[in-house]
Amino acid sequence: LLITGAVISSVLVPIFSKRWQDRKKKLEIKIDLITKISEVVASWELDTRTIIGLEKSPIERNPNWRVKGSSITAILFAYFPTQPIYEKWRMYFNIIDQFWWFSNVVFHGEMTHTDKKDVDMFRNFIGEESEKFDWDIFFNIKNADDAAKSGAVWSDLIDVLVTKQHDVISSILNGCNW
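As the structure is a computational prediction, the values presented were derived from the model and not from experiment. (Residues numbered from 1 in each chain as written. Predicted model: local features only at pLDDT ≥ 70, side-chain atom pairs only at ≥ 80, totals over all residues. Heavy atoms only, no water.)

Asker: Describe the pattern of salt bridges, naming the residues involved and giving the relevant values.
Answerer: Tallied over the entire structure, the rule returns seven salt bridges. Residue Asp32 pairs with Lys36 through a salt bridge whose shortest N-O separation is 3.2 Å. Note that Asp32 and Lys36 are positioned in helix H1 (residues 2-53) at a spacing of four residues, about one turn of the helix. The partly exposed category is assigned to Asp32, whose relative accessible area is 36%. Between Glu129 and Lys164 there is a salt bridge; the shortest N-O distance is 3.7 Å. On the criterion of sequence distance, the pair formed by Glu129 in the loop between helix H4 (113-126) and helix H5 (136-139) and Lys164 in the loop between helix H7 (151-163) and helix H8 (165-175) is long-range, its members being 35 residues apart. Taken together, the shared-partner salt bridges connect Glu45, Arg49 and Asp159 into one network. (Salt bridge = Lys/Arg side-chain N within 4 Å of Asp/Glu carboxyl O. Helix = DSSP H or I, 4+ residues; strand = E, 2+ residues; numbered from the N terminus. Buried < 20%, exposed > 50% of the residue type's maximum accessible area, 1.4 Å probe, protein only.)

What follows is the structure in structure tokens.
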């Protein structure tokens, strides 16, 4: 009986210990990713609202949130290259990055026909929620003064894009298979 117990202990304890350690490591990775995503989105939101509120363009070529966002992309590719979470993050990060550039162009430059194509990209990404926005306002923007008149719409769009991070976070919590 003692020998059987020793054999079972020497086999089962390491198996369960390894499973527990693996589970703990996976949870730490998920928490780290969620924290990084939240930091990127918060920094993006602040930068985008700043662009809208300033008279002169504050554009940096690679603000910190863009660098961190690229790092998240690399981490997700390393751990989940074939899973939907990787593509979901890439799409979300591309959308917020494009919206940031788009905001700078609209508030501190002049929209071109190419810039107006971004509006459809944002509308498609937002989905059903896009119906509550007056998208025509974007096609009537000729300069920063016109853009400033649409400040409430911009703010609401930023709010919607910020909440879309929850889809990405939910995928990390619920859908990442190791």
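Asker: Kindly report on a nonpolar patch on the surface, identifying the contributing residues and their values.
Answerer: Side chains of Ile3, Val7, Ile8, Val11, Leu12, Ile15 and Phe16 sit close together on the surface and give an oily, nonpolar patch of about 640 Å² of accessible area. Inspection of the secondary structure puts Leu12 in helix H1. (Patch = residues over 30% accessible without salt bridge, like charges linked within 9 Å, V, L, I, M, F, W, Y side chains within 5 Å. Areas by Shrake-Rupley, 256 points an atom, 1.4 Å probe, with all protein chains shown as cover.)

Asker: Just give me the short version of the nonpolar core, but keep the residues and values in it.
Answerer: Grouped together as the largest cluster of nonpolar side chains are 45 residues, with contacts concentrated most on Trp44, Trp89, Phe138 and Trp154. Where this core is concerned, the elements lending two or more residues are H1, helix H2 (64-79), helix H3 (84-108), H4, H7 and H8. Here the element with the most residues in this core is H3; it accounts for twelve residues. Discounting chain neighbours no more than four positions away, the residues touching Trp89 are Ile37, Val40, Gly69, Ile72, Thr73, Leu76 and Val168. (Core = buried A, V, L, I, M, F, W, Y, C linked by side-chain atoms within 4.5 Å. Contact = heavy atoms within 4.5 Å.)

Asker: Talk me through the packing of H1 against H3; I want residue IDs and the actual numbers.
Answerer: Running from N to C, H1 and H3 point in directions that differ by 15°, and their axes come no closer than 9 Å. The orientation of H1 with respect to H3, classified from their angle, is roughly parallel. For the element pair H1 and H3, the recorded crossing hand is left-handed. The segment H1 lies against H3, with Ile37, Val40, Val41, Trp44, Asp47, Thr48, Ile51 and Ile52 engaging Trp89, Tyr92, Phe93, Ile96, Phe99, Trp100, Ser103, Asn104, Phe107 and His108. (Axes fitted to C-alpha atoms, helices over the stretch in contact; angles between N-to-C directions. Parallel < 35°, antiparallel > 145°, perpendicular 65-115°, else oblique. Left-handed = near helix turned anticlockwise from the far one by under 90°.)

Asker: Provide a residue-level description of the environment of Asp115, including the pertinent values.
Answerer: Along the chain, Asp115 falls in helix H4. It is 8.1 Å that separates the C-alpha atoms of Asp115 and Val105, two residues lying ten residues apart in sequence.

Asker: Pulling in residues and values, what's your account of the side chain of Lys164?
Answerer: The exposure class of Lys164 is buried, given its relative accessible area of 14%. Each residue touching Lys164, except ones within four places of it in the same chain, is listed here: Tyr92, Phe125, Ile126 and Glu129.

Asker: Give a description of the packing of aromatic side chains that names residues and reports values.
Answerer: If you walk through the whole model with that rule in mind, you get 14 aromatic pairs. Both rings, one in Phe102 and one in Phe122, keep their centres 5.4 Å apart while their planes meet at 65°; by these two values the pair is edge-to-face. One end of the pair, Phe102, is in helix H3; the other, Phe122, is in helix H4, with 20 residues separating them in the sequence. One aromatic cluster is present, formed by Trp65, Trp89, Tyr92, Phe93, Trp100, Trp101 and Phe125 through successive ring pairs. (Phe/Tyr/Trp six-rings, centres within 6.5 Å; stacked < 30°, edge-to-face > 60°.)

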